[in-house]
Amino acid sequence: MSGACEIRVGTCGYSYPEWVEAGFYPPGTRAADMLPLYARHFSVTELNFTWYQMPKAPALERMLRLAPPGFAFTAKLTRTLTHEVDPGRWRGQVALYREGVSPLLEERRLLAVLLQFPASFVRAPASRLYLAQLIEALEGLPLAVEFRHASWAEERVFRELARRRVSLAVLDAPPLPGLFPTVEEVTHPGLFYVRLHGRNARGWRSGNLQQQFDYDYSEAELRGWAEGAIPRLAARAARGVIVFNNHVRAQAARNALGLQRLLAASGLAPAPAPWSAARSEEHTSELQSHVNLVCRLLLEK
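Residues numbered from 1 in each chain as written. Predicted model: local features only at pLDDT ≥ 70, side-chain atom pairs only at ≥ 80, totals over all residues. Heavy atoms only, no water.

(A) Structural detail: the overall build of the chain. Within the chain one finds twelve helices and eight strands. Relative to the 2.2 N^0.38 estimate, which gives 19 Å for 301 residues, the radius of gyration of the chain is 18 Å and therefore close to what a compact globule would have. When the backbone C-alpha atoms are referred to their principal axes, the chain occupies close to 55 × 40 × 40 Å. Every one of the 301 residues in the chain was classed for burial, and the buried ones make up 55%. On the chain, roughly 13,300 Å² of surface is accessible, and the fraction owed to carbon and sulfur atoms is 53%. (Helix = DSSP H or I, 4+ residues; strand = E, 2+ residues; numbered from the N terminus. Rg over C-alpha atoms; globule rule 2.2 N^0.38 Å. Buried < 20%, exposed > 50% of the residue type's maximum accessible area, 1.4 Å probe, protein only. Areas by Shrake-Rupley, 256 points an atom, 1.4 Å probe, with all protein chains shown as cover.)

As structure tokens, this is what we get:
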């Protein structure tokens with residue numbers, strides 16, 4: 001089935017001013033121009049601003065107008081439903097979130113809503129009940145869940161996610177005590193979801209996001225994914241999303257470009273970036289720019 005799996009590679013977020021200085025975006029690039037430029041190289045992005053604030057439909061409609069046809073999104077669930085839950089208000093938050101992401105759903109551009117729970121979300125009766133209720137409240141949306149606490153790494157959890165047709169996020173992170181491990185589980189045949197956070201063990205629990213996600217994957221580490229876990233996951237799913245979260249100094253973008261190259265070399269060519277005639281130069285010129293960027297970023301490592 002691996003040949004039939006549509007694999008999309010991208011990054012967690014795309015609007016980082018520091019990516020201009022790092023060379024991924026041209027000098028002087030404004031935030032409003034970043035998505036069309038990003039879409040020249042990748043076919044998907046994970047929206048992370050939807051975790052910090054409730055998404056608004058008009059804002060996502062404007063974003064869709066900036067994205068070329070064929071470009072897809074995943075979106076993190078708002079923190080008031082994963083990290084800062086008010087027992088008396090969370091159902092109302094679900095309704096607001098549904099309304100906010102509705103443009104992506106209506107345009108069939110939403111591949112998954114990511115329920116990313118903190119390490120404090122330990123597997124216990126109360127958390128299990130809340131997760132079940134939340135999944136039910138989000139019914140109709142494509143869902144993926146990321147656990148950070150190792151207590152959720154149980155076969156019975158995977159079976160329940162499979163029964164509910166919810167994708168388990170496969171993580172790459174430092175092998176720290178208590179942290180959810182890397183498990184190659186496909187709980188929904190429609191989608192596997194991989195999130196590569198980096199392996200900065202010293203910075204992971206520093207409380208500083210710049211330190212936590214400051215990591216540059218080596219060629220060997222990327223090859224391990226391209227020739228190992230990803231083909232095995234792809235053999236069990238119709239579609240795959242792979243995103244890098246090590247955003248510091250555009251390391252995520254550089255590593256995503258590298259992984260795309262390695263996947264193509266191994267016969268698992270990812271979905272091409274959706275070239276937009278309205279926003280891009282001629283295809284051959286764009287392809288050369290893509291190759292030049294890969295080479296330049298690799299030389300700067």
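(B) Fine view of the pattern of salt bridges. Inspection of every chain in the model, using the stated rule, returns 18 salt bridges. Residue Asp-214 is joined to Arg-249 by a salt bridge in which the shortest nitrogen-to-oxygen separation is 2.7 Å. Of the two residues, Asp-214 sits in the loop between helix 9 (209–212) and helix 10 (219–234) while Arg-249 sits in the loop between strand 8 (239–244) and helix 11 (251–265), which places them 35 residues apart along the sequence. Its relative accessible area of 24% is what places Asp-214 among the partly exposed residues. (Salt bridge = Lys/Arg side-chain N within 4 Å of Asp/Glu carboxyl O.)

(C) A look at the environment of Gln-251. Inspection of the secondary structure assignment puts Gln-251 in helix 11. The spacing of Gln-251 and Met-63 is 188 residues in sequence and 24 Å in space, taken between C-alpha atoms. If we ignore the near neighbours within four places in the chain, the residues touching Gln-251 are Phe-213, Asp-214, Tyr-215, Asp-216 and Asn-246. (Contact = heavy atoms within 4.5 Å.)

(D) Here's a closer look at helix 11. With 15 residues, helix 11 ought to run about 21 Å at 1.5 Å a step, and its terminal C-alpha atoms sit 21 Å apart, in line with that. The element helix 11 is largely enclosed, with a buried count of twelve among its 15 residues. Turning to helix 11, its buried residues are Gln-251, Ala-252, Ala-253, Arg-254, Asn-255, Ala-256, Leu-257, Gly-258, Leu-259, Gln-260, Leu-262 and Leu-263. Positive phi appears at Gly-267, one or two residues downstream of helix 11, with a value of about 95°. (Expected span 1.5 Å × (residues − 1).)

(E) View of the packing of aromatic side chains. This model, assessed by the stated rule, comprises 19 aromatic pairs. Aromatic side chains Phe-24 and Phe-42 sit 6.1 Å apart centroid to centroid with 20° between the ring planes, which places their arrangement in the stacked category. In this pair, Phe-24 is assigned in the loop between helix 1 (18–21) and helix 2 (34–38) and Phe-42 in the loop between helix 2 and strand 2 (44–47), connecting sequence segments 18 residues apart. Residues Phe-24 and Phe-42 agree in their burial class; the two are buried. In textbook terms, an aromatic cluster arises when at least three aromatic residues are bridged by ring pairs, as seen for Tyr-14, Tyr-16, Trp-19, Phe-24, Tyr-25, Tyr-38, Phe-42, Phe-71 and Phe-73. (Phe/Tyr/Trp six-rings, centres within 6.5 Å; stacked < 30°, edge-to-face > 60°.)

(F) Layout of the nonpolar core. Core analysis: the largest hydrophobic core is formed by 93 residues, its most contacted members being Ile-7, Leu-115, Leu-134, Phe-147, Phe-192 and Ile-242. Sequence-distant contacts of Phe-192, defined by excluding residues within four places in its chain, comprise Cys-5, Ile-7, Val-186, Ile-230, Leu-233, Ala-234, Ala-237, Arg-239, Gly-240, Val-241 and Ile-242. (Core = buried A, V, L, I, M, F, W, Y, C linked by side-chain atoms within 4.5 Å.)

(G) Geometry of unusual backbone geometry. Phi angles above zero are rare outside glycine, and Arg-165 is one such case at about 60°. One non-glycine residue with positive phi stands out, namely Arg-249, at about 55°.

(H) Representation of the confidence of the model for the chain within the structure. Scored by pLDDT, the chain comes out at a mean of 92, with 90% of its residues at no less than 70. Low pLDDT, under 50, characterises residues 276–284; the predicted model gives this stretch eleven contacts beyond four residues in sequence or across chains. (pLDDT = per-residue confidence, 0-100.)

(I) The arrangement of the sheet that holds strand 3 (residues 72–76) in detail. One closed barrel accounts for eight strands, arranged 1-2-3-4-5-6-7-8; its pairing is parallel. Neighbour-to-neighbour, the strand axes of the sheet open up by a mean angle of 25°, direction not taken into account. Here strand 7 (residues 192–196) pairs with strand 8 via five bridges, running parallel. When the bridges of strand 8 are listed, Val-194 appears paired with Ile-242. (Pairing = 2+ DSSP bridges. Axes fitted to C-alpha atoms, helices over the stretch in contact; angles between N-to-C directions.)

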